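# Results of the structural survey
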Amino acid sequence: MNNDTNIWQDQEDDFDLRNFLFKYLRYWYWFLLSIIICLTGAYLYLRYTTPIYEISATLLVKDEDKGLSSGMDMMAELDIMSGSKLVENEIEVLRSRSLIEKVVDDLNLTVSYWKEGSIRDVELFDKSPIKINATELNLFAYSNPLYIKLLDSSKYAMLDESKAIMGEFLYSDRVDSPYGSLRVFQADSTAKNHKALANKEELIKVQFSNRDALVSHMIEGLGSELINQKSTVIKLSSENALPEKGKVIMHKLLDEYAFASLEDKNREATNTLNFIEDRLKLITSELGDVEQDVEQYRRSAGITDLSTEANLFLEKVKDNDTKLNEVNIQLKVLDGVERYLASNQIGTISPSTLMVNDPVLTAYLSQLSSLELEREQLSRSTTASNPFLETVNTQANNIKQAIRENLRNQKSGLLVTQSSLQALNARLEGAISTIPRKEREYVEIKRQASIKENLYLLLLKKREETALSYASTVTDSRVVDFPYTSDKPVKPKKKIVALLGLLLGLIIPAGIINIKDLMTNTVQSKKEIEDKVGLTVFGEIGQKPNDEKGEILDVHSRSFISEQVRMIRSNMQYLFAGSEAEKCKTILITSSTGGEGKSFVTANVAASLGLLDKKVVILGLDLRKPKINEYLEVINVKGISTFLISKADEADLIIPTKMENVYMIPSGPVPPNPSELIANGRLNELIEVLKPSFDYILIDTPPTTMVTDAELMAPLADACFYLIRHEKTPKAFLEHIKGIKTKGTFKSLNIIFNAVNYKNSQDYGYGYGYGYGYGYGQAYGKSKKRNLVQKIRSMFKS
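Let me begin by describing the structure that accompanies this report. The residue numbers shown here count from 1 along each chain, following its written sequence. The predicted origin of the model limits local features to residues at a pLDDT of at least 70 and limits the giving and counting of side-chain atom pairs to 80 or more, whereas totals for whole chains, interfaces and linings rest on all residues. Each side-chain value is derived from all of the structure's non-hydrogen atoms; neither hydrogens nor water enter the calculation.

Take the overall build of the protein chain next. A tally of helices and strands in the protein chain yields 25 helices and 21 strands. Counting the 798 residues in the protein chain, one finds 44% classified as buried. Counting only contacts in the protein chain whose residues sit at least 6 apart along the sequence, the fraction spanning at least 24 positions is 78%. In short, Shrake-Rupley with a 1.4 Å probe defines the accessible areas, and a residue's cover is counted only from the protein chains shown. When the accessible area of the protein chain is evaluated, it comes to approximately 42000 Å², of which 53% is carbon and sulfur surface. Segments assigned H or I by DSSP are reported as helices when at least four residues long, segments assigned E as strands when at least two residues long, and all are numbered from the N terminus. Only protein chains enter the accessibility calculation, which uses a 1.4 Å probe; a residue whose area is less than 20% of its type maximum is buried, one above 50% is exposed, and one in between is partly exposed. By definition, residues are in contact when any of their heavy atoms lie within 4.5 Å.

This is the structure:
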């Protein structure tokens, strides 16, 4: 646990917020340029993107399962279509394909009319001066626009997708074109604005949409959700570029939904009315015939009225026949219910409850009717294996089983009643036979007329009840909020687009900077050196200005680089603090690869030491590629290589330079075996001879990663200045330097960070290179500010 805590603390300590911020702030102009471009792009996006508005409406669905009831209707006792509805099912019905197809067909949404603009096209919708009835379209029509040009009040020109005229036609005539068969009609508003459109020679762009694809798109774009899970209020929403068009579509959807709901509810009553009307026609015809028979018999038989006994028998027979008729009707109704139960097809209409007298059976049939409606709606929008549909089927089967039990009991009772009434009829008919023949025959005819009349009155009563129920039918839903549009576009959201533009303006340059850092394989900062090598940088030397000529700095100037060299000179007293003050110090100067400035640093450090009246001798021990003698303008005819092969004395090799108190022994001719010469022991003798005469011996050596010369001379040096050049030394060589430190190859290993370009360095904030603090920089004059293009170009320089 403690180890994990220490690791976490180390990670926190490693994070330097200042360096992290300065890493990006150095490229502030990149961020500024990126933000301007991205915000401009956001503005253009908002300018050229069609705004989208949201159209919303709320619908209340009466659902008994969630506390609502249809019992508040004043005609509830006659409402044979009442029943509970699941609001979830109604949501699916609202999104059903059949309902959306009706909306598309009624509003002719497969054809859209547009006015071309310089920025974006604008849909005309109800403002279009023409309407097109496309009777038959092909695939070409769905992928290519059609153009219509109004010529006058009787004809128009049709143009293809390239705006080439295909012909002139009369309004309402059928035209067979490459798009298919269609007719063009003038809209109601054409007479008012036809001249204005014709004068402007504007073209009406017509786009055709595939019906199935458009229906699928509208279903996907139609949102439906419950406002509250405990309520049955549904919020419908859609998006459209034209608010008025969206409202018209939403209105039409609600109307079609209400119509479909009423159609389902009235289907039972309609069937019942049709049945009653058919029976009434038959009974009316039979009743007319029977009444004519009564009148004719009375005239032929000369009977004006019946006797008291005959009237008594007739009244009894009429009452008994009425009861028998009611029993027979009930048995037929029960037979109809049995036939319905035997059918398992979805969409079969349940029998009417108006003719059923038993309240239990009426309740069962009402429940079954509600379940059948629910099953039919679910079958439109779900598969047969849907768990909700299976649950409804199970409930319907249970209700049917209960109805069958009820039917058996009722039919048993009705059959007993029927037998009893038939037996009473037989007794009454036997008693009627005792009265005179004419009166008996008249009673029989009168009896048949009475039966038809009672049946006729019963059917009239039932017809009025059914018609009253039909007229009082209301939907199980109510529009709470009619379609309305949002006051502002929902797409695109201006604030979000502007924020995204701003974020992209920050993210893009930050990403480029990070990618650039990842792709950069050279050392970029002092912190990077210290982290990888594990040594504190001993000194820094900035990049030499372009207007500074020569490799030797003006040691008397107060330029920033000169001050840095002096700082290295000052730090050297702490480097040799434990040694004798008058003892000669030997310093080896090397690097990882060529071109890192060893000779430059050696020459300028020597010049700076010479200002303190210190005698300095520079040994040019880069025997392979000597260069420092050129900086010091020393002739390299003979030198150390000559001494190492014993062909010259040290006194003959020491050459004074143009710098005060600074001498040099050049490398001499390039030998074929430099490493062997260095290792022969003569170099140690040379240094020992020089020590009494000089305060400092600076040894300029070749790179350590290429040859072993520097490591061979390591025992001869009191300290080593190891150069790392900013944006030049590969990062991979830092591991090599760390290995030298670990092995202890040099007695005192010190890092000098050379040629630091502070404008590109991650260790310093913006502005460090423009004055460098404390008033330095006047030796080079005022720094020239770079323009934005120059700064951008500098980013891609390695």
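Here we come to the pairing of strand 20 (residues 719-725). Burial analysis of strand 20 places 6 of its 7 residues in the buried class, which makes it a mostly covered element. Here, a strand pair is defined by DSSP locating no fewer than two bridges between the strands. In this sheet, strand 20 lies alongside strand 15 (residues 585-591) in parallel orientation, the contact comprising 5 bridges. From the neighbouring strand, isoleucine 587 faces strand 20, where its bridge partner is alanine 719. As judged from the 6 bridges shared by strand 20 and strand 21 (residues 749-756), these two strands associate in the parallel manner. Each bridged residue has a counterpart across the sheet, and for cysteine 720 the counterpart in strand 21 is leucine 749.

Think of a nonpolar core as a cluster: buried Ala, Val, Leu, Ile, Met, Phe, Trp, Tyr and Cys residues, connected wherever their side-chain atoms sit within 4.5 Å. Formed by 44 residues in total, the largest nonpolar core has its most connected members in Ile529, Leu619 and Leu683. Residue contacts for leucine 619: discarding those within four places in its chain leaves Ile640, Ile665, Ile687, Leu690, Ile697, Leu698, Ile699 and Asp700. Of all hydrophobic cores here, the second largest spans 33 residues; its members include Leu553, Phe576, Ile587 and Ile589.

Pairing is antiparallel across the open sheet formed by 3 strands, whose spatial order is 4-9-8. The sheet is open, and its two edges are formed by strand 4 (130-137) and strand 8 (174-177), each paired on a single side. Direction aside, neighbouring strands of the sheet carry axes that sit 30° apart on average. The pairing of strand 8 with strand 9 (residues 180-186) spans 4 bridges and is antiparallel. Within the sheet, the bridge partner assigned to serine 177 lies in strand 9 and is glycine 180. Angles here are taken between N-to-C directions and fall from 0 to 180 degrees, while the axes themselves are lines fitted to C-alpha atoms, restricted in helices to the stretch in contact.

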